[in-house]
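# Fold and geometry: a report
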Amino acid sequence: VVVVSPDAIQLFDLSGEPQELSKIFVEWDLEAAARGGFRDFMSKEIFEQPSAVRDTLHGRVNTEGEIVLDEMRLDPEELRKINKIFIVGCGTSFHAGMVAKYAIEHWTRVPVELDISSEFRYRDPVLDQQTLVIGVSQSGETLDTMAAMNEAAMLGSKTLVVSNVMGSSMARAADAVLYTRAGPEIGVAATKTHTAQISALLLLALYLAQVRHSLYPSEVSDIYEEMLRLPEKIEQVLTSDAAIEEVAQSMVEVK
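To keep things clear, this report deals only with the structure shown in the data block. (Residues numbered from 1 in each chain as written. Predicted model: local features only at pLDDT ≥ 70, side-chain atom pairs only at ≥ 80, totals over all residues. Heavy atoms only, no water.)

### Focus on the packing of aromatic side chains
Summed over all chains, the structure comprises 2 aromatic pairs. Arranged with centres 5.7 Å apart and planes meeting at 70 degrees, the rings of F86 and F120 form a pair that is edge-to-face. Of this pair, F86 sits in strand β4 (residues 84–89) while F120 sits in helix α5 (residues 117–120), placing them 34 residues apart in sequence. For the pair shown, F86 and F120 are each scored as buried. (Phe/Tyr/Trp six-rings, centres within 6.5 Å; stacked < 30°, edge-to-face > 60°. Helix = DSSP H or I, 4+ residues; strand = E, 2+ residues; numbered from the N terminus. Buried < 20%, exposed > 50% of the residue type's maximum accessible area, 1.4 Å probe, protein only.)

### Topic: the packing of helix α2 (residues 49–57) against helix α10 (residues 230–238)
Where α2 contacts α10, the two axes come as close as 8 Å, and the packing angle between them is 175 degrees. Judged by the inter-axis angle, α2 sits roughly antiparallel to α10. Residues Q49, P50, V53, R54 and L57 of α2 form the contact with α10, whose own contacting residues are L230, P231, E232, I234, E235 and L238. For the contact of α2 with α10, the residue count by class is 7 nonpolar, 1 polar and 3 charged. (Axes fitted to C-alpha atoms, helices over the stretch in contact; angles between N-to-C directions. Parallel < 35°, antiparallel > 145°, perpendicular 65-115°, else oblique. Contact = heavy atoms within 4.5 Å. Nonpolar A, V, L, I, M, F, W, Y, C, P; charged D, E, K, R; others polar.)

### Quick word on the pattern of salt bridges
What the rule picks out here adds up to 13 salt bridges. Among the ionic pairs, E48 bridges to K192, the shortest N-O distance being 2.8 Å. Of this pair, E48 sits in the loop between α1 (41–47) and α2 while K192 sits in helix α8 (residues 192–212), placing them 144 residues apart in sequence. With respect to burial, E48 and K192 carry one shared label: buried. E235 is the salt-bridge partner of R54, the closest N and O atoms lying 3.2 Å from each other. Of this pair, R54 sits in helix α2 while E235 sits in helix α10, placing them 181 residues apart in sequence. Look at R54 and you get partly exposed, because its relative accessible area is 35%. Sharing partners across several salt bridges, the network here consists of K84, E113, D115 and R123. (Salt bridge = Lys/Arg side-chain N within 4 Å of Asp/Glu carboxyl O.)

### Observations concerning the nonpolar core
If you look at the biggest cluster of nonpolar residues, it comprises 42 residues, and the most contacted ones within it are M72, I85, I134 and L204. Counting residues per element, this core draws most heavily on α8, which supplies 12 residues. The residues contacting M72, other than those within four sequence positions of it, are L79, L160, A176, V177, L204 and Y207. Counting residues in hydrophobic clusters, the runner-up holds 15 residues, among them F86, L127, M146 and V177. (Core = buried A, V, L, I, M, F, W, Y, C linked by side-chain atoms within 4.5 Å.)

### Overview of helix α6 (residues 143–154)
When the terminal C-alpha atoms of α6 are compared, their 16 Å separation across 12 residues agrees well with the 16 Å that a helix rising 1.5 Å per residue should span. Burial in α6 covers these residues: T145, M146, A147, A148, M149 and A152. Taken together, the buried residues of α6 touch β4, α5, β6 (131–137), β7 (158–163) and α7 (169–173). Positive backbone phi, at 95 degrees, marks G156, one or two positions downstream of α6. (Expected span 1.5 Å × (residues − 1).)

Structural data, given as structure tokens:
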């Protein structure tokens, strides 16, 4: 129970006992929620893809060159015991998982299954303590994905969430969380959040390969360095925006 007054915010449990409030620092500002000279938010967020991917990938290695995921609350030994992975999501989050499936299986040799979140519980999936369930949700509040993750946790699986919102419900409930750093999403159609999700999931796949020793350290380092070049490559594509728009306009009436 939260009590909000002009002077304070108080938190109580259901028996009325005061609870400690934990602070979460959000690096978003008013400028991030403005159009910034673009004609609409979707255009703005399309052109923010390089920075979203760059911020999601940046600073993820330690001084030894190993990938470090700050909110990875799962012990490496637990991850080495994983023999099956499920990825659940809705819409573009599901499609980001489709890309991740190829990378995880290729780099770790662990089989991966994909599920639309709303279908996951009802097909009675085979889950146990050696299963990792990855929930992908931009907001971390997608109800179907949250329910799928709760089902996985109830059946004893390890759970990991990829989310863009710090302190979201799914992030708090999961065993581990990997945050994308795409900034606030204003446009309805996913753009920067989708490419940031793919980047985060590829980073996770590489991390799993590192802790499971399915790739040599030099291979992990080389792939990570190549991933760091992605923002520049996206920028190169975006310089062709006028030509892309011209092609799109020419196809508007095509049936």
